Amino acid sequence: MDVVESKKRRKNFWSIFNFAFANIGGSAVYMTFGTYFMVYVTSAMFTGVPKAQANKLIAMITGLIFIIRLVEIFIDPIIGNIIDNTNTRWGKFKPWLIGAGTISSLLLALLFSGIFGLSKVSATWFTIMFIPIFITFDIFYSFRDVSYWGMVPALTEDSHERSLFTAAANFSGFGQNIVTIIIVPVVTYVTFLFTGQHNEGQPGWTAFGILIAVVGIICSFVVGLGTHEKQNALREVTKKKTSLKDMFWALGHNDQMLWTAFPYLIYGFGNAATAGLMFYLFKYIMDKPGLFWITGLIPTIAGFFTSPLYPIINKWVTRKTIYAVSMCSMILAYILLIVSTDNLTMVVTAMILYYVPQGFIFMAVILTLTDTIEYGQLKNGTRNEAVTLAIRPMLDKMSGAISNAIVGWVAVAAGMTGTATAASMTPGGISLFKMVAFWIALILHVLALFIYVFKVKISEKKHAEIVDELQHKLAVEGIGDSGTDEGTSNRTEPEEPASKSATVNIYAPVSGVRMDLSDVVDEHGHKGIAGKGIAIQPTEGKIYAPFDGKVVLLFTTKHVIGLRSEDGLEVLIHVGLGTVNMRGEGFINHLDSGQSFKKGDLLLEFNRDKIQQSGYKDTVIVLLTQPQEVINAHYTDKEVVNNGDELGTIQIK
């Protein structure tokens, strides 16, 4: 049992590692475009073009990006729905992760080349080419991003395990911070090699775009080839296609998803404006562009601690508390920046208070959104994995659109373009900068804090209760679409005969004392289990296959496994009473959903001592989950059975 558990831990480690590694490239691509594309546009794209014409082109690019991104916001849920309805031999996410990730990375490099220098040759042709290239880039990046974060609930249903995947991915989000650290040195160095000038010129930006594109492509292949979706109970039961109408209805009726998304959007508006203007703070306000790397170093160092610490802290502190404390830290940072931008010590302190908690905020939001998937499934009967998690990149896209528009507008209005310097800044321009970058952002952060704290109700405990209720519902209603008849089992359960039928022999999955369901006493002291089937009080901790067949369901808590025989008989083997509360501790599954087995194969191991020490019963329940298909069920009269003994004969339609 220890060897199997060790192998599973290693497999899970590499799955988490590969998932996290991919976000190095994903976050680098997002930061490169979302934050620094407008810096490139305002500083290098139109170098050599007359200033008046350059300002018009900058305004045009700013307006186009803003309009296009706002329009595409409404496409993201559709993208999520397309991903949710994807069904390939490689799963629903991998084709999009690899294909869309590669295409979007290549288009990023093309955009940072000024479309092969066309920006300096013809404004008309540049505009004509820019629009379709940007739209294509944005759509494919959305497919890649939605697929990436939408994969989390497909990797595990356990809230704590989800926090591990999310924490690891957030940890590797230092890709965006590396971009901030190296962007000025790399762009300046490459420009010097090609032109002999120490500035941020077109050759440097082109080289940087290509570098980030290569990293993005590599990371897309890593996550596509190095992770594995789990076909479990809650995913299998809602595997049908979802129409756009049903999708929008489900999203509109998932109130907790909406209340989680709304404050994140408000927070994003303020955060995107500040992040987008941070370079201008160091270059045009403080006159210290060479120190801009600090804004990349601080979150990079913080990321090495905040992401690994989140799951640990979350064991003792709720995510709502983590979110609230983190937001208060950012609010304090804004106050410091408003008070003083000419004191480097104050600014660095503010940077620490501003960047360090962002990882905690992101994780709290993304995990809450992820948990609203089961909330929506329970409430509306529809499970929307990629669609629900498409909300987060959709909100980021909205924030990015606002950021690009604000950065372009402030740069032009405050005179922060081209060859301008800190010495040429006017008091009015500085005041405009502070108002947009700090004051408005401060107000938005305070508003986001109050909305999240008072309106979001999905907590870790609440989510666990929802998952339990969903799994209990499945156990009662059965593996198929039909429900389970009420009543207790008898030794012989006759039904009306049918013209066509099949007889299936069930063999004991575990050694022990046979019991009728009507004689079983549950963990609450209630006698009798509803449904058709039989129970065994085990004398060993191993579950073997009762026939030849296939695993169709495996609960995340591992204590319930659904099987289908080659003749179509479906049974649910439920290990223990009250064991759902153990959250899989003490259980080891040897097969996953979708895998075939032969009679006598080891399916599951469970620690009987741990179950009993936890105050629960280890009784094994074998339930027939299609009672309406059962014509006749006859069970053995033997009081004691060994695994592999004939347990019953079931005649089904």
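If you're wondering where the values come from, they're calculated on a predicted model, not measured in any experiment.

Colleague: Is there a simple way to think about the overall build of the chain in this case?
Modeller: For the chain, the count of helices and strands is 22 helices and 14 strands. Taking the intrachain contacts of the chain between residues at least 6 apart in sequence as the baseline, contacts between residues at least 24 apart amount to 79%. A total accessible area of about 26,200 Å² is found for the chain, and carbon and sulfur atoms account for 63% of it.

Colleague: Is there a simple way to explain the packing of aromatic side chains in this structure?
Modeller: The description of two aromatic rings rests on the distance between their centres and on the angle between their planes. This model, assessed by the stated rule, comprises 24 aromatic pairs. Measuring from ring centre to ring centre gives 6.0 Å for Phe112 and Trp205, while their planes differ by 25°; the resulting arrangement is stacked. Taken together, the positions of Phe112 in the loop between α5 (94-111) and α6 (114-117) and Trp205 in helix α11 (residues 202-226) put the pair 93 residues apart, joining distant regions of the chain. Judged by its relative accessible area of 3%, Trp205 falls in the buried class.

Colleague: Quick question: what am I supposed to make of helix α14 (residues 255-285) here?
Modeller: Three- or four-residue spacings in an α-helix give side chains the same orientation, since the helix completes a turn every 3.6 residues. With 31 residues, α14 ought to run about 45 Å at 1.5 Å a step, and its terminal C-alpha atoms sit 43 Å apart, in line with that. Maximal helix bending in α14 amounts to about 40°, located at Leu277. Buried residues dominate α14, accounting for 25 of its 31 residues.

Colleague: What should I look at first to understand the sheet that holds strand β4 (residues 542-544) in this one?
Modeller: Pairing between the strands of a sheet comes from backbone hydrogen bonds, and it takes one of two forms, parallel or antiparallel. Reading across the sheet, the three strands line up as β4-β10-β8 and stay open at both edges, with antiparallel pairing between neighbours. Sheet topology places β4 and β8 (587-589) at the edges, where each strand pairs with a single neighbour. Across the sheet, the mean angle from the axis of one strand to that of its neighbour is 15°, orientation sign disregarded. Here β8 runs beside strand β10 (residues 602-606); their pairing, made up of three bridges, is antiparallel. Within the sheet, the bridge partner assigned to Asn589 lies in β10 and is Leu604.

Colleague: I tried to follow a nonpolar patch on the surface on my own but got confused; where do I start?
Modeller: Residues Trp293, Leu297, Ile301, Phe304, Phe305, Leu309, Ile312 and Trp316 make up a contiguous nonpolar surface patch of roughly 860 Å² in combined accessible area. Mapped onto the elements of the fold, Trp316 is located in the loop between α15 (294-314) and α16 (319-339).

Colleague: I tried to follow unusual backbone geometry on my own but got confused; where do I start?
Modeller: Of note, Ile115 is a non-glycine position whose phi angle comes to about 50°, a positive value. Locating Ile115 in the fold gives a position in helix α6. When its relative accessible area of 6% is taken as the criterion, Ile115 is described as buried. You will see that Asp287, though not glycine, has its phi angle at about 60°, which is positive. By the element assignment, Asp287 lies in the loop between α14 and α15. In this structure Asp287 comes out as exposed when scored by relative accessible area, which is 53%.

Colleague: Would you take a moment to explain the pattern of salt bridges for this structure?
Modeller: Any two side chains of opposite charge can pair if their charged atoms end up close together. All chains considered together, the criterion is met by ten salt bridges. One salt bridge connects Arg319 with Glu460, and the closest N-O pair in it is separated by 3.8 Å. Placement of the pair is Arg319 in helix α16 and Glu460 in helix α21 (residues 460-477), with a sequence separation of 141 residues. Comparing Arg319 with Glu460, the two get one shared label, buried.

Colleague: How should the pairing of strand β2 (residues 512-515) be read in this particular structure?
Modeller: Every regular strand shows the same layout, with side chains that alternate between the two sheet faces. Taken together, the four bridges between β2 and strand β3 (residues 532-538) define a ladder with antiparallel strand orientation. From the neighbouring strand, Arg514 faces β3, where its bridge partner is Ile536. As paired strands, β2 and strand β13 (residues 640-641) are joined by two bridges and run antiparallel to one another. Following the sheet pairing, Val513 is matched in β13 by Val640.

Colleague: Whenever I open this one, the sheet that holds β13 confuses me. Can you help?
Modeller: Read from one edge to the other, the open sheet built from eight strands follows the order β9-β5-β6-β7-β11-β3-β2-β13, with strand pairing classed as antiparallel. Looking at the sheet topology across the chains shown, the edges are occupied by β9 (596-597) and β13. The pairing of β3 with strand β11 (residues 617-624) spans five bridges and is classified as antiparallel. Its bridge partner being in β11, Lys532 is matched across the sheet by Leu624.

Colleague: I tried to follow the side chain of Ser104 on my own but got confused; where do I start?
Modeller: Within the fold, Ser104 resides in helix α5. According to the relative accessible area criterion, Ser104 is buried, its value standing at 2%. Separated by 2.9 Å, the side chain of Ser104 and the backbone oxygen of Ala100 make a polar contact. Those residues in contact with Ser104, other than ones at most four positions away along the chain, are Phe137, Phe140 and Tyr141.

Colleague: Help me understand the environment of Ala324 in this model?
Modeller: Assignment of secondary structure puts Ala324 in helix α16. With 129 residues separating them along the chain, Ala324 and Val453 place their C-alpha atoms 7.2 Å apart. Dropping the residues within four chain positions of it, Ala324 is found in contact with Leu449 and Val453.

What counts as what
- Residues numbered from 1 in each chain as written.
- Predicted model: local features only at pLDDT ≥ 70, side-chain atom pairs only at ≥ 80, totals over all residues.
- Heavy atoms only, no water.
- Helix = DSSP H or I, 4+ residues; strand = E, 2+ residues; numbered from the N terminus.
- Contact = heavy atoms within 4.5 Å.
- Areas by Shrake-Rupley, 256 points an atom, 1.4 Å probe, with all protein chains shown as cover.
- Phe/Tyr/Trp six-rings, centres within 6.5 Å; stacked < 30°, edge-to-face > 60°.
- Buried < 20%, exposed > 50% of the residue type's maximum accessible area, 1.4 Å probe, protein only.
- Expected span 1.5 Å × (residues − 1).
- Bend = angle between axes of the 7 residues up to and from the residue.
- Pairing = 2+ DSSP bridges.
- Axes fitted to C-alpha atoms, helices over the stretch in contact; angles between N-to-C directions.
- Patch = residues over 30% accessible without salt bridge, like charges linked within 9 Å, V, L, I, M, F, W, Y side chains within 5 Å.
- Salt bridge = Lys/Arg side-chain N within 4 Å of Asp/Glu carboxyl O.
- Polar contact = N/O pair within 3.5 Å; in protein donor to acceptor, adjacent residues only side chain to side chain.

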